[in-house]
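# Summary of the model geometry
For reference, the chains in residue letters:
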Amino acid sequence: MYSEEHLYAIALRECNLIGDINFYKLVRIFGSAKNAWEKTPKEYKNLDGIGKKIVSDIGNPEHLKFAEKELKFCETHNIRINLRHFNELPKLLNECDDAPAILYQKGNFNNSKPKISIVGTRNMTSYGKHFIHSFFEETKSCHYASVSGLALGVDKEIHEQSIHYQIPTTAVLAHGFHLLYPAKNKKLSEKILEEGGTLFTEFNSSRKPDRENFIQRNRIVAGISPSTIVVETAFGGVR
């Protein structure tokens, strides 16, 4: 199910200072994550923008051990590992400069179906709820899929209304698949999968739902679709 490239991709992405942009730069230069893992420490002087400090953690055997455990975790929990340099990300997301190097997936994702991302505050008002219900009622005959973040409030309502109107829905998580946050939405996440939807996360099974992860997650929610609707947000909530 998984290749040697998946192993080295996880290990490389785990290295300090190797974020999504540096990861993608290295695999384009060397052709694969395995080659980047083996050759970068020796050849970094010939690479533009890649200094000694950036490559200092590449080759760390602890990251390979972690990657081996992660592959076993994914196999046990039926998680697909999508690699950007294999062109396995959702089509529009793949065009983003800071697209995730690795995107973990549960469930089915139809690349050909039009997408629309819909997000908003956790503290949804009656206005927000009315808008969402009206939107889905008006678009129920359209063939599209919704994308949101599986948080409380607006996100939860988007996923629930999508299921109600039999519209495929994708939820992007801000943590690894070892847990589901918030716990109140666990049954909803299971229902999304049962109804043919998708759960995505760029975070491995060691990553907790830290505050900064939610901000980072938002670029994926927006990047999957050509347009994003913000239902409601607090002042300064959209940046």
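Residues numbered from 1 in each chain as written. Predicted model: local features only at pLDDT ≥ 70, side-chain atom pairs only at ≥ 80, totals over all residues. Heavy atoms only, no water.

### Topic: the overall build of the protein chain
Within the protein chain, the regular secondary structure consists of nine helices and seven strands. In terms of overall dimensions, the protein chain has a C-alpha envelope of 60 × 40 × 30 Å along the principal axes. By residue count, 50% of the 239 residues in the protein chain fall in the buried class. Here the analysis covers contacts within the protein chain between residues at least 6 apart in sequence; of these, 70% occur between residues at least 24 apart. (Helix = DSSP H or I, 4+ residues; strand = E, 2+ residues; numbered from the N terminus. Buried < 20%, exposed > 50% of the residue type's maximum accessible area, 1.4 Å probe, protein only. Contact = heavy atoms within 4.5 Å.)

### With respect to the packing of aromatic side chains
Scanning all chains against the criterion turns up eight aromatic pairs. Arranged with centres 6.3 Å apart and planes meeting at 10°, the rings of Phe-136 and Tyr-165 form a pair that is stacked. With Phe-136 in helix 6 (residues 126-139) and Tyr-165 in the loop between helix 7 (154-164) and strand 5 (169-172), the pair connects residues that are 29 residues apart, well separated along the chain. Grouped by ring-pair contacts, the aromatic residues Tyr-127, Phe-131, Phe-135, Phe-136, Tyr-144 and Tyr-165 constitute a single cluster. Between Arg-84 and the ring centre of Tyr-24, over which it is positioned, the NZ or CZ distance is 3.8 Å. Sitting above the plane of the Phe-214 ring, Arg-122 keeps its charged end 5.3 Å from the centroid. (Phe/Tyr/Trp six-rings, centres within 6.5 Å; stacked < 30°, edge-to-face > 60°. Lys NZ or Arg CZ within 6 Å of the ring centre and 35° of its normal.)

### What about the pattern of salt bridges?
Counted by the stated rule, this structure contains 10 salt bridges. One salt bridge connects Arg-219 with Glu-202, and the closest N-O pair in it is separated by 2.7 Å. With Arg-219 in helix 9 (residues 211-223) and Glu-202 in the loop between strand 6 (198-201) and helix 9, this pair connects stretches of sequence that are 17 residues apart. (Salt bridge = Lys/Arg side-chain N within 4 Å of Asp/Glu carboxyl O.)

### Points about the packing of helix 1 (residues 4-14) against helix 5 (residues 61-76)
In the contact formed by helix 1 and helix 5, the axes pass within 8 Å of each other and the chain directions differ by 125°. Between helix 1 and helix 5, the interaxial angle falls into the category oblique. As for the relative orientation of helix 1 and helix 5, their crossing is right-handed in sense. Residue-level inspection shows His-6, Leu-7, Tyr-8, Ile-10, Ala-11 and Glu-14 of helix 1 in contact with helix 5, the latter providing His-63, Leu-64, Phe-66, Ala-67, Glu-68, Glu-70 and Leu-71. (Axes fitted to C-alpha atoms, helices over the stretch in contact; angles between N-to-C directions. Parallel < 35°, antiparallel > 145°, perpendicular 65-115°, else oblique. Left-handed = near helix turned anticlockwise from the far one by under 90°.)

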